[in-house]
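Chains, contacts and geometry: an overview
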Amino acid sequence: IFVLLESLVFPVTYLRVSKDLPLQCLQVEWDVGKSAHDAELSMSFEIQVNRTGENTTVWTEFYNVTLDKSGKPLHWNWDSDLPLECMAHSVRIRSKAEASKIWSQWSLWETILGLGTSNYSQPQIFPDEKVIEEGSDITLCCIVRKGQIIMEFFSLPAVHNFSRTNSQIGLLTAKTVAHQKPSHVTVFCQESGGKGDHYHYVVFFVGKPPDLPHDFSCHTRDMKKIICTWSQGGDTHLYGPHSTKYTFFEEFAQKLIPCTVNCSKRCSCSWDINQQRVYNIMLTVENPLGKKTATDAFDVTHRIHPSAPSELFGHCSDTKIMLYWKHRNKGIELFCQTEVLHPDGKTELHNSSSTHLQYGSITVGGQQPYTQYTLRVRCGAAQHFWRWSEWSKAQTFRTEEASPSGKLDIWREIIPALGGRNVTLFWKLTPSFQANGRSISYEITWEKVEEDSKPEHISISSVYNTTRIFIDSDPYKISVVAKNNVNYSLPSVMIIPGATGTENELSISNLKEDQVIGADDGIFLSWEPRNTYDGYIVDWCNFPALQPCDLQWKRFGPSSSSALISSASFVPGVRYNFRIYGSVANTASLLEKKTGYLKELAPTLDPPVKKIHLTFHAVTLSWESYPTTASQPGFIRGYHVYVSPVQEDCSLKESKKHVLPDGSVLCKYTIENPEEKRYTVRHLMPNTKYKLAVKAYTGGGETPIANFIYIETPFDTNTLYLLGLLVIVPSVAAALCHWKMKWVKACCCPVVPSPNKSKVLSFKDLVIGSEKVLKIHDCKPDAVAVDNNSEAQTL
Amino acid sequence: CRSNVYEQTRKQVALLNATAQDLFSLYLKCQGEPFSSETDKLCSPNGFFFPDFHENRTSEKEVMVAMYKLFAFLNASLGNITRDQEELNPTAKELLDRLHNTTKTTQGLISNLTCLLCKNYNIFQVDVRYGPNSKGKRAFKKKQQGCQVLRKYVQVISHAARIL
């Protein structure tokens, strides 16, 4: 039997092909002999589809099936990408038993004809109004009437490859069609021949299948209706009859749920809840290009999403807010949360339970008096909490007024006046101070400490934070309170000692002012701590040159002995004066004074130099009028005197070399005492031009030299005199001598007698030989002088 | 009728006349090709019914009746066109807004003309011939029919405005 099967063939005995034009598919029905059915053979069938117009096999498929004894024919469908009206399609089949190696003979081609020619009064285009997916291809055909030929066949916009099969049937393929605006492509076909031109238009639609529904979720607000929501997804570009359709199916009840979908930001659909509590909902979204599904299974009692509370109302005390609201859906036990928004942006959350009743409430305590709060509420199911409702609309409340809390910080400036003192009072709010109401005013009361006198009183509007009062020389107690519509704050008290105390202060005002140094963020002060005080106060003026000077003060505890004073008003180059007070029993005493700059700057004005005294070796300079006061932008630390001969570099003794930016060299002398405003530059050369400059310097340095003063040292007269003596006198003397030369010669340089020239030699008797020798024995000397005793002896 | 109904009618017709061409141009643009390039061929009114409005009508009564027929026809046609465009071009917001506004003005005109015909001429009924319903037609045919109506409307409304 095995050998027989190998060689057996079971040809197709029956083949019928029909067309389904709406679905554009061929329906093929065929069969083989009864024996194959009886043997329940597994068979393979090779099916070929041919387009007669193109004369090509457009499709080949192997179809495997196991036959049964029922003898029913076999079926197979084929979807055509080209409309079946466009041309004839043929199908043939051959078979092979699985156990066999031999294919049967092909069946004869079974043909389904196309339209051939147009039956209408114009050409026909197929398909008409097809929906295709963006990026896919479409093939259309145009069939003209008998006797006509195709003149034109194109799409608008032009996305096509045109091919023609015969003059009466044209094919148009549009490849990778993109989405258009509007979302349809028009196809035009015109025939020509005979009388007149006839044409036809169709459109096809380009779109996308629907997206998978995102965030599909169902809930109820009131246990009466179920609402399902989901994200719509991207635009399919298909509208009207081709737009997306939505279907809801409940799996447990196996029923379609009639539901009207509404899509704005999100899509939603709702229906009434019946007795069913557990649901398994399947949403199908479908358009001509595809369908997607999403499911949600849930117990409706676990999916309560209440509506937002509404109609908030309430009332307040000074520290409490009693809030009420309405639930849109009664009958559900809710758990609610109230948000309290403070003026500073902080929020508090308070939880509360609500019953099944229609109204909920909460009392929120611990609030500040006379303060505006914004409240809103949201609720969730108390049992099986799922989600909070949306927040209710916010409601604003203002708590009632209460007494001002905390105290004011007060300070004073005392200026002696005729008969007493003018006291300027200042006050400011401390961090702990709360007005707790509107219409704040400040009440100032002052009375003598020692006498039982009637206190004086003024009331100042909250617009002001300072006032001036006059008191006499006695000690006074001054009290400042803040007042609102309800009550007063606790008083802030200060004691002004009697005028002797003030005089003492005045004498203390002669205290030495210590210089302090500024830093990037302020001016650092320190003071001697003393055990006798329970606090310290530092005061200063933000604008020392102005009136009023904007007096500021700061308080420090008893253990403080230093502080960094910062102020936005501090600027470089301004000298600020600080007074440090010790405070005990509300009485302040001046302890120390400090002065300093946030940052010293170089002096803007140079010392006005006068030349007092000039000699041939020195010059004395003076700048007595130059101030070293607070008008300077830094503490004057001293002066630099710069000197140089005009033509040469400096080489003065006891000076230091200073090189200017232009490379020239000056001699620099330093004076380290700011009060020393006179200086003598020595070792100058006489009869020489010098340039000089005097610069003051501070901790911020000095400005570059802009101007010099010029001097010329006189000739040195002593030298002149000496010169005179050395030159003139000898000259005169020489002239005299020359004039009276003989007298001078005779006087000063008499001629020394020469024996050879002596008259004696004319006395021939006295001459011995040739030599002119005077014989002594022949001469009777008048006198004899003995020069050398020994020789004289010889003689 | 209000005392100024004639004046209001005249203004309404003037408004429609002023906006007709823009409506037609926008309609062509929104249909895509070949409507802009083949307007004469596709939107020709040949073989297509549209109530006429001849300028040589003698009596005011005839004018009023003709106008009533015109605007009743237009109102129905605009209904078809709007429905079709909501289906074919739902994203063409400006076109749909203009169609809605033109429809509203047309309906106001019908109301005023009804009152005038009744009050001045004791006419309570006018036979109106309407155009073909585009429902169920192919998409291209719907677009073409709307184009034909609006093109003719531009011509006829100018006649009506001139007479008033």
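Everything discussed here concerns the structure shown above.
Notes on the structure in this doc start here. (Residues numbered from 1 in each chain as written. Chains lettered and ligands numbered in written order. Predicted model: local features only at pLDDT ≥ 70, side-chain atom pairs only at ≥ 80, totals over all residues. Heavy atoms only, no water.)

Quick look at the overall build of chain A now. Of regular secondary structure, chain A possesses six helices and 52 strands. Counting the 795 residues in chain A, one finds 41% classified as buried. In chain A, the share of contacts with a sequence separation of at least 24, taken over all contacts with a separation of at least 6, comes to 64%. Approximately 44,200 Å² of chain A is accessible, and the part contributed by carbon and sulfur atoms is 53%. (Helix = DSSP H or I, 4+ residues; strand = E, 2+ residues; numbered from the N terminus. Buried < 20%, exposed > 50% of the residue type's maximum accessible area, 1.4 Å probe, protein only. Contact = heavy atoms within 4.5 Å. Areas by Shrake-Rupley, 256 points an atom, 1.4 Å probe, with all protein chains shown as cover.)

With that settled, the discussion passes to the state of the cysteines. All names here are of chain A. Scanning the entire structure with this criterion turns up eight disulfides over all chains. Sulfur-sulfur distance for the disulfide between C86 and C141 comes to 1.7 Å. One quick way to see it: the torsion about the S-S bond of C86 and C141 is about -85 degrees, and its sign makes the bridge left-handed. Here C141 lies in strand β10 (residues 138–143) and C86 lies in the loop between β5 (74–79) and β6 (89–97), a separation of 55 residues in the sequence. By relative accessible area, which is 0% here, C141 ends up buried. Disulfide partner of C336: C379, at an S-S distance of 2.0 Å. (Disulfide = S-S within 2.5 Å.)

Within the largest apolar cluster, 58 residues are counted, with the highest numbers of intra-cluster contacts made by F71 and Y153 of chain B. Taken together, the elements giving at least two residues each to this core come down to β15 (198–207) of chain A together with α1 (5–31), α3 (60–88), α4 (93–121) and α5 (139–163) of chain B. Here the element with the most residues in this core is α3 of chain B; it accounts for 14 residues. (Core = buried A, V, L, I, M, F, W, Y, C linked by side-chain atoms within 4.5 Å.)

Residue and element names in this part refer to chain B. Axis separation between α1 and α4 bottoms out at 9 Å; the angle between their running directions is 155 degrees. Taken together, α1 and α4 sit at an angle that is classed as roughly antiparallel. Regarding α1 and α4, the two cross each other, and that crossing is left-handed. Its residues placed into classes, the contact of α1 with α4 shows 14 nonpolar, nine polar and three charged. (Axes fitted to C-alpha atoms, helices over the stretch in contact; angles between N-to-C directions. Parallel < 35°, antiparallel > 145°, perpendicular 65-115°, else oblique. Left-handed = near helix turned anticlockwise from the far one by under 90°. Nonpolar A, V, L, I, M, F, W, Y, C, P; charged D, E, K, R; others polar.)

Bringing the packing of aromatic side chains into the picture now. In this description, a pair of aromatic rings is defined by centroid distance and the angle of the planes. Counting across every chain of the model gives 34 aromatic pairs over all chains. With 6.1 Å between their ring centres and 65 degrees between their planes, F216 of chain A and W230 of chain A make a pair best called edge-to-face. A residue pair is termed long-range when its members are at least 10 positions apart, and F216 of chain A in strand β16 (residues 214–220) and W230 of chain A in strand β17 (residues 225–231) qualify at 14 residues. Seen in terms of ring centroids, F49 of chain B and F73 of chain B are 5.6 Å apart; in terms of plane orientation they differ by 85 degrees. Their pairing is edge-to-face. Here F49 of chain B, found in the loop between α2 (39–42) and α3, pairs with F73 of chain B, found in helix α3; they are 24 residues apart in sequence, far enough to count as distant. (Phe/Tyr/Trp six-rings, centres within 6.5 Å; stacked < 30°, edge-to-face > 60°.)

Let's shift gears to unusual backbone geometry. The amide bond that connects F126 of chain A to the next residue, P127 of chain A, takes the cis arrangement and shows omega of -10 degrees. Omega for the peptide link from E33 of chain B to P34 of chain B comes to 10 degrees, which places this bond in the cis form. Note on placement: P34 of chain B falls in the loop between α1 and α2.

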